[in-house]
Amino acid sequence: MVWILMLFHMLIKYVSSTCDVTAQEIQADSSLRFLTSTGYTEGSGSYINNMDCWWRIDSGGDDLKLLLFLTRDLACPGDKISIYDGDSSTATPLVSDLCGTSATPTHYSTTQRHAYIRLVTDASVSRAGIKLEFLAAKDYSGTGCTASQTLIAGDNSNLLSSPNFPGLYTNAKTCRWLITSLVGNVDLDIVFSDIEDDLPSRCDYDKYTINDGNDRCENNVIRTVCSQYPKVAPFTFTSSGSSVVVFFVSDSSVNRRGFLLKYKSNATYTTTTVTQTTESISPLATSSSVEKSNKDSNTCMDARMVIGIVFGSLVVVIFSVIVVVFMILRFHNLQKTIKPKD
């Protein structure tokens, strides 16, 4: 009887220590996806005791890195998660034996193509668990942060990012990209946004803006983003003309991860109505708002241009008045010199 109980106990312990995940080897791409511990339901639920779970995420290319966002609710000190910058637990840890609760997602990025995640729980208290969001990317900023860069939108999607993506963007940067379609409109799919927090009505620190047209001015701004992830949901936009300007600026202090977007040409776009769509990319399911504009980009006039025109016109008027006054005085003096003597 004792042997039967011991065998039963061993079997129960073995089953409980098995990690119940559908896929431990995971392939990442440029879409934001996620994995969770068993029982996690957006901050509620509870995980299984005595787990020893691991996941290995591959970006898919040696030139691609991984961007990770971790939300956790783990009972200390027995339940903990570690993330390694490599394909096994022998790699350098990005974070080690982390427990407790995070109010907002904590961001990490690898220096190479793999990330290895290990989650361990003990036999006592269970909490909600973990959610790890991830995507594969690299720095797609091109030359737009040294001079204005023109990008041609084609039939296939291309990528554009903030400088140093998926790492922290650099200080004191001013970047400008003009995206142009040769055969129609431009489709933008903003995949990810993580900018230093500020009031959306101000955006005095770091920000990126999307302008509908080939100029930047107040009356063609479609979206200005200055909020950290995940406050800004992914969204899409179709230009009213053939061009879109993306502008990014950072100050000299706080750095975040920046942005990642996809762009391509849309030769069949005709409607300008606002609609709502839902993306379903397993295992990610996020709501995306589609933003479209009726603004005429050709009517955009920068405030500096207006000031320049007014100032130039004023200079011309003043110069003309001075010339006229000078000519009158010259004419008057000439009359005095040629006046006949009595």
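Residues numbered from 1 in each chain as written. Predicted model: local features only at pLDDT ≥ 70, side-chain atom pairs only at ≥ 80, totals over all residues. Heavy atoms only, no water.

A.B. asks: Help me understand the overall build of the protein in this model?
C.D. replies: Looking only at helices and strands, the protein features two helices and 21 strands. Per-residue burial over the protein gives 44% buried out of 342 residues. In the protein, of all internal contacts separated by at least 6 residues, the share reaching a separation of at least 24 is 81%. Counting every atom, the protein has about 18400 Å² of accessible surface; 58% of that belongs to carbon and sulfur. (Helix = DSSP H or I, 4+ residues; strand = E, 2+ residues; numbered from the N terminus. Buried < 20%, exposed > 50% of the residue type's maximum accessible area, 1.4 Å probe, protein only. Contact = heavy atoms within 4.5 Å. Areas by Shrake-Rupley, 256 points an atom, 1.4 Å probe, with all protein chains shown as cover.)

A.B. asks: What exactly am I supposed to notice about unusual backbone geometry here?
C.D. replies: Trans is the common state for peptide bonds, and a negative phi is the common state for residues other than glycine. A cis amide bond links Cys 76 to the next residue, Pro 77, at an omega of 0°. Mapped onto the secondary structure, Pro 77 falls in the loop between strand S4 (65-74) and strand S5 (80-84). Of note, the phi angle at Cys 203 is positive, near 55°, even though the residue is not glycine. With respect to the helices and strands, Cys 203 occurs in the loop between strand S14 (185-194) and strand S15 (207-212). Under the relative-accessibility criterion, Cys 203 is labelled buried at 4%.

A.B. asks: Can you walk me through the sheet that holds strand S6 (residues 93-98) in this structure?
C.D. replies: Strand pairing in a sheet relies on backbone hydrogen bonds. The paired strands run either parallel or antiparallel. With mixed pairing, five strands are arranged side by side in an open sheet as S1-S3-S9-S5-S6. On the outer flanks of this sheet lie strand S1 (25-27) and S6, each paired with one strand and no other. Within the sheet, the average angular offset between the axes of one strand and its neighbour, ignoring direction, is 15°. In terms of strand pairing, S5 meets strand S9 (residues 114-120) through five bridges, oriented antiparallel. When the bridges of S9 are listed, Tyr 84 appears paired with Tyr 116. (Pairing = 2+ DSSP bridges. Axes fitted to C-alpha atoms, helices over the stretch in contact; angles between N-to-C directions.)

A.B. asks: Got a minute to help me understand the state of the cysteines in this structure?
C.D. replies: Working definition of a disulfide: a covalent bond connecting the sulfur atoms of two cysteines. Scanning the model with the defined rule gives three disulfides in all. Bridging Cys 76 to Cys 99, the disulfide has an S-S length of 1.9 Å. Negative torsions about the S-S bond denote left-handed disulfides, and the value of about 105° found for Cys 76 with Cys 99 makes this one right-handed. Within this pair, whereas Cys 76 is found in the loop between S4 and S5, its partner Cys 99 is found in the loop between S6 and strand S7 (100-101), the two being separated by 23 residues in sequence. What makes Cys 76 partly exposed here is its relative accessible area of 49%. (Disulfide = S-S within 2.5 Å.)

A.B. asks: Please explain the packing of aromatic side chains as it appears in this structure.
C.D. replies: Where two aromatic rings form a pair, the distance of their centres and the angle of their planes describe that pair. Tallying each qualifying case throughout the model produces 10 aromatic pairs. Taken together, a centroid distance of 5.1 Å and an interplanar angle of 70° make the contact between Tyr 169 and Phe 248 edge-to-face. Taken together, the positions of Tyr 169 in the loop between strand S12 (158-161) and strand S13 (174-181) and Phe 248 in strand S18 (residues 243-249) put the pair 79 residues apart, joining distant regions of the chain. The same class applies to Tyr 169 and to Phe 248, which are both buried. Arranged with centres 6.0 Å apart and planes meeting at 80°, the rings of Trp 177 and Phe 259 form a pair that is edge-to-face. A residue pair is termed long-range when its members are at least 10 positions apart, and Trp 177 in strand S13 and Phe 259 in strand S19 (residues 258-266) qualify at 82 residues. Of the aromatic side chains, those joined through ring pairs into one cluster are Tyr 169, Trp 177, Tyr 208, Phe 248 and Phe 259. Across the ring face of Phe 34, the terminal group of Lys 131 is positioned such that the distance to the ring centre comes to 4.8 Å. For Arg 223, the ring lying beneath its charged end belongs to Phe 235, and the centroid distance is 4.3 Å. (Phe/Tyr/Trp six-rings, centres within 6.5 Å; stacked < 30°, edge-to-face > 60°. Lys NZ or Arg CZ within 6 Å of the ring centre and 35° of its normal.)

A.B. asks: Hey, could you run me through the confidence of the model for the protein in this one?
C.D. replies: Do not read the predicted coordinates in detail wherever pLDDT is low. When the pLDDT values of the protein are averaged, the result is 82; 78% of them are 70 or greater. Mean pLDDT across the elements of the protein bottoms out in strand S20 (residues 275-281) (29) and peaks in S13 (98). This stretch, residues 1-18, has a pLDDT under 50; its non-local contacts, to residues over four places away or in other chains, come to seven contacts. Low pLDDT, under 50, characterises residues 271-299; the predicted model gives this stretch 59 contacts beyond four residues in sequence or across chains. (pLDDT = per-residue confidence, 0-100.)

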